[in-house]
Structures are given as C-alpha cells and as structure tokens.
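One-letter residues, chain by chain:
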Amino acid sequence: KGLATPGKAGIPLGVMKVLDPRQLKPDITETERILTVLDETIIKLELARLIPRIFFSLERYARMLGPEITSSLWELQKLSMEIQDLLASPGNEESVRAVEQHLKCSLRNILRLFLANPLLYHGLKYKIRVRESPADVFIKAFMEFRDFTLEKLLTSPDEEKEKFQFMEDISLRVEKNTGTISALQEELATVIQTRDEEVNKKDKMIENLKTSIEDLAKDCKADIQHIIKEGENQQKEDEKASKERCARLKRDVQLLGARFNELVLEHRASELVLRKEKCKAEREIQEWVQKYDTDMTEKQATYDELQAAYTEEKEQLSLLMEKHALLLQEYTEIEEEFFLLKEKEEEAAREEARRNNVFFCIQAHWKGYWVRSIYK
C-alpha cells in the first residue's frame, strides 16, 4: 500500500534521485572538474576515431580545418607511415621509440587544436560518417562509466544507504508474499493429495467390500446392502467435507490473488508517478537545451559582430601603423637635423667664448700698459 505515491509511500528523496539519474545535477566544483575531464576524454576518443577517416579526404577538409590543423595532420600522417615502415623492418627499437614519442606529441597537439575549436569538432562529427568499429564499443563503455561515476559522485552515503534499505524492504515484501503463496499452494496440494488418497482408500475399501459382498451375497444380502449404504453415506460425507475444504482453500487463494492484484495496482500507480516525474524532468531538460541553443545562437551572432568589428579595427590599425612608421622616419630625420644644428650652435658659442677671452686678455694687457705709461 505504501507505493501508490511518493508522499504516501515514504520513498526517501535520495532513492528517488537514484531511480531517476537524469535529475542529478553537479553542484560541487570537484564533481564538475571530474566530469569535465571525462567529457574531454570522450571528445578526444571520438576525435581519435575520426582522424583516420580525415586522412583519406584531407585535401577536401583542408579549407574547413585551417592551415595549422591541416599541417599537423599531414605531419601525423607522415609519422604514421614512418612508424609503419620502422615496425616492418626489425632492429630499429630506438628509432621506433623516438618516432612513437613524436607521434604521441603530434596527436596531443592535434587534439588540443580541435578542443580549442568545438564548433569545428561538432561539424566534423556530423559531416564524416564512420563505420562501426571496436572503438565505438569502448567509447560507449566509457560513456556508461562517466554516467556511473556521475551517479556515484552525486549519491551521498545516506542516500546510498536509503536506496539499499528501500530495495531490501521491497525484496522482503516480495519474498514474504511469494512464501505465503507457495505455502498455501503446498497446503492445497497436500490437502488434494490427502483427499485423493482417502478417496482411493475408500474406493479400494468399496472394491473389497464389493468382493466380500459378492462372496457373501447369498448369505448376507441384507448386511451387504447395509454396508454398501453406509459406505456410500461415508463417501458422500467425505466428498462433502473435501469439497468444503477445497472451497475454503479456493477462497483463500482468491483473497491472496486479490491482495496480489492490489499490490500490483499500487506498484503501477507508483510507477505512473515516477513516469510523470521522469517526463517532467525530460521536458525541463528539453527546455534547457532549447534555451542553450538560443543563447548560443545569440552569442554566435554577437561573436560575428565582434569579429567584423575586430577585422575593421585591425585594418585601421594597419593603416595607423604605416602612418606611424612614416612619422617615425620623419621624426628621426628632424631629430638628426636638430642635433646637427645644436652642435653648430655649441661650436659657435665656444668660438664666441674663445674670442671674448682673447679680447679681455688683450684689453687687460692694454690697460696695464697704458697705466704703466702714465706713471712713467
């Protein structure tokens, strides 16, 4: 009875979260970091699965990939061919290890370039058709591991304990009902077997009596009729008692069947409530996805506008840089002319000072000579 609705059933909230994992949302920084690492690993695995397919049509996707990624893919393809040649010829372990290390570095660089451009990754994912391979099985298993890790990270010990307690209660109820039904069925089978044995015993007794009656028919006709009548009455009484007991057991079975149907209806009602909550969660997820698509469309439009403005400003910056270079050249020439003029002025000032010193020296000698002439 306690499974009709979550409120009446007393189903713990933690168990409800475990029953519907899509309601789980990461709310811890460490959980988000772990999920980010797992999601990036899944993307890297899918990219590694797409790279061999890109090799066959690298020229076709070169414009879409860009020069940097294309050159890196060419380098990775050359390294793959080189390591295949080295593996074909024995005795080049050191060269194989060196090329293998270079190959790993090149692949990591390509994966970083793809991760830096998620739109390119999604475009290639839906444009390139790859046949199913064992890598798909591994990626699917890794995705299941990611969901299992999310469930474990977001399920607290108390919720896990409540989940196990809830499942144990359900198992105990099912075992109890199954045991009761099995016991009643065994009891019914025992009663039926006992009745059959009694009937067989009575039949044998009647047969024996009939044999005796046939032997003693001539001498004990009245006694034989009396015995037959008593046997028939006893058989009727036994059959009546057996039928009553069978009817009672059938009523018990019907009651248990009705109880079983009630439990089934209650479980179905609980399942309906859980399905409604599941549909509600799916609608919320769909709304969030639509909102995410709308936001990403708006952000893409804003990005395109900013990219156009950036391109225009970059062109203006190029023109200004050219003008700056011309002005810098003119400034250098003017500065050189100014330096030359300053040197000429300093040279003229030094010449003027030298002349003044000579003049003052001559004037002093003249005054001295003139004063000495007067005193003489």
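- For the protein, the name recorded in an unreviewed UniProt entry is Dynein regulatory complex protein 10, with Sylvietta virens as its organism.
- What UniProt records for the protein under Sequence similarities (unreviewed entry) is the sentence "Belongs to the DRC10 family."

1. Points about the overall build of the protein
Now for step 1: Per the secondary structure count, the protein includes 10 helices and 0 strands.
Now for step 2: Counting from the amino terminus, helix and strand elements in the protein follow one another as α-α-α-α-α-α-α-α-α-α.
Now for step 3: Intrachain contacts of the protein at a sequence separation of at least 6 include 74% that bridge at least 24 residues.
Now for step 4: A total of about 29600 Å² of accessible surface is found on the protein, and carbon and sulfur atoms cover 57% of it.

2. Some words on the pattern of salt bridges
Now for step 1: Counting across every chain of the model gives 9 salt bridges.
Now for step 2: Measuring nitrogen to oxygen at the nearest pair gives 2.9 Å for the salt bridge that ties Glu271 to Arg275. With Glu271 and Arg275 both in helix H10 (residues 221–375) and 4 residues apart, this pair spans about one turn of that helix.
Now for step 3: Between Glu347 and Arg350 there is a salt bridge, with the nearest N and O atoms lying 2.4 Å from each other. Taken together, the residues Glu347 and Arg350, both in helix H10 and 3 residues apart, mark about one turn of the helix.
Now for step 4: A relative accessible area of 48% means that Arg350 is categorised as partly exposed.
Now for step 5: A single salt-bridge network, built from bridges that share partners, covers Asp39, Arg146 and Asp147.

3. A few points about the nonpolar core
Now for step 1: Counting 16 residues, the largest nonpolar core has Ile51, Leu65, Ile69, Leu73, Leu76, Ile110 and Phe114 as the members making the most contacts within it.
Now for step 2: At the level of elements, helix H3 (29–56), helix H5 (67–88) and helix H6 (93–116) are the ones that each hand at least two residues to this core.
Now for step 3: In terms of residue count, the dominant contributor to this core is H6 (7 residues).

4. Side note on the confidence of the model for the protein
When pLDDT drops low, the exact placement of atoms in the prediction is not to be read closely.
Now for step 1: Looking at the protein, pLDDT values average 78 and 82% of them are 70 or higher.
Now for step 2: Looking over the protein, one finds the lowest element-wise mean pLDDT in helix H1 (residues 6–9), namely 36, and the highest in H10, namely 88.
Now for step 3: The model gives residues 1–26 a pLDDT under 50, and that stretch makes 58 contacts with residues more than four places away or in other chains.

5. Examining H6
It helps to recall that an α-helix has 3.6 residues per turn; residues three or four apart then point in one direction.
Now for step 1: With 24 residues, H6 extends 35 Å from end C-alpha to end C-alpha; this agrees with the ideal 34 Å at 1.5 Å per step.
Now for step 2: Where H6 is concerned, the buried positions are Val96, Val99, Leu103, Ser106, Ile110, Leu111, Leu113 and Phe114.

6. Brief notes about helix H8 (residues 134–154)
Now for step 1: End to end, H8 covers 30 Å across 21 residues, agreeing with the expected 30 Å (1.5 Å per residue, within 8%).
Now for step 2: Buried within H8 are the following residues: Ile139, Phe142, Arg146, Thr149, Leu150 and Leu154. Down the axis of H8, the buried set is contained in an arc of 110°. They therefore lie on one face. Residues of H8 that are exposed and angled more than 90 degrees away from the buried face: Pro134, Val137 and Lys140.

7. Structural notes on the packing of aromatic side chains
Now for step 1: As enumerated under the stated definition, the model contains 4 aromatic pairs in all.
Now for step 2: The interplanar angle of 40° and the centroid separation of 6.4 Å between the aromatic rings of Phe138 and Phe142 together place this pair among those described as tilted. Placement of both Phe138 and Phe142 in helix H8 is noted, with a separation of 4 residues, approximately one turn of the helix.
Now for step 3: Its relative accessible area of 49% is what places Phe138 among the partly exposed residues.
Now for step 4: A relative accessible area of 17% means that Phe142 is categorised as buried.
Now for step 5: Centre to centre, the rings of Trp366 and Tyr369 are 5.9 Å apart; their planes meet at 35°, and the pair counts as tilted. Placement of both Trp366 and Tyr369 in helix H10 is noted, with a separation of 3 residues, approximately one turn of the helix.
Now for step 6: Residue classification places Trp366 among the exposed positions, given a relative accessible area of 53%.
Now for step 7: Ring pairs connect the aromatic residues Phe138, Phe142 and Phe145, which therefore count as one cluster.

Cut-offs used in this document
One numbering rule holds for all chains: residues counted from 1, following each sequence as written. Per-residue local features of the predicted model are confined to residues with pLDDT of at least 70, and side-chain atom pairs are confined, for both listing and counting, to 80 or more; whole-chain, interface and lining totals are unaffected and use all residues. Heavy atoms from the whole structure form the basis of all side-chain values; hydrogens and water molecules are not counted. UniProt positions are given in the numbering used here, feature names are shortened, and annotations may be inferred rather than shown by experiment. Secondary structure elements are defined from DSSP: runs of H or I of at least 4 residues count as helices, runs of E of at least 2 residues count as strands, and each element is numbered from the N terminus. Contacts are assigned to residue pairs with any non-hydrogen atoms lying within 4.5 Å of each other. To measure how exposed things are, a 1.4 Å probe is used in the Shrake-Rupley method; for residues, cover is taken only from the protein chains shown. Every case where a carboxyl oxygen of Asp or Glu lies within 4 Å of a side-chain nitrogen of Lys or Arg is listed as a salt bridge. Classification of residues uses two cut-offs on accessible area relative to the type maximum, computed with a 1.4 Å probe and protein chains only: under 20% is buried, over 50% is exposed, and between them is partly exposed. In plain words, nonpolar cores are sets of buried Ala, Val, Leu, Ile, Met, Phe, Trp, Tyr and Cys residues tied together by side-chain atoms within 4.5 Å. Confidence of the predictor in every single residue is expressed as pLDDT, which spans 0 to 100. What a helix is expected to span follows from its residue count: subtract one and scale by 1.5 Å. Throughout, the arc means the angular range of directions from the helix axis out to the C-beta atoms. Between rings of Phe, Tyr and Trp, where Trp is taken as its six-membered ring, a pair exists when centres lie within 6.5 Å; planes separated by under 30 degrees are stacked, by over 60 edge-to-face, and by other angles tilted.

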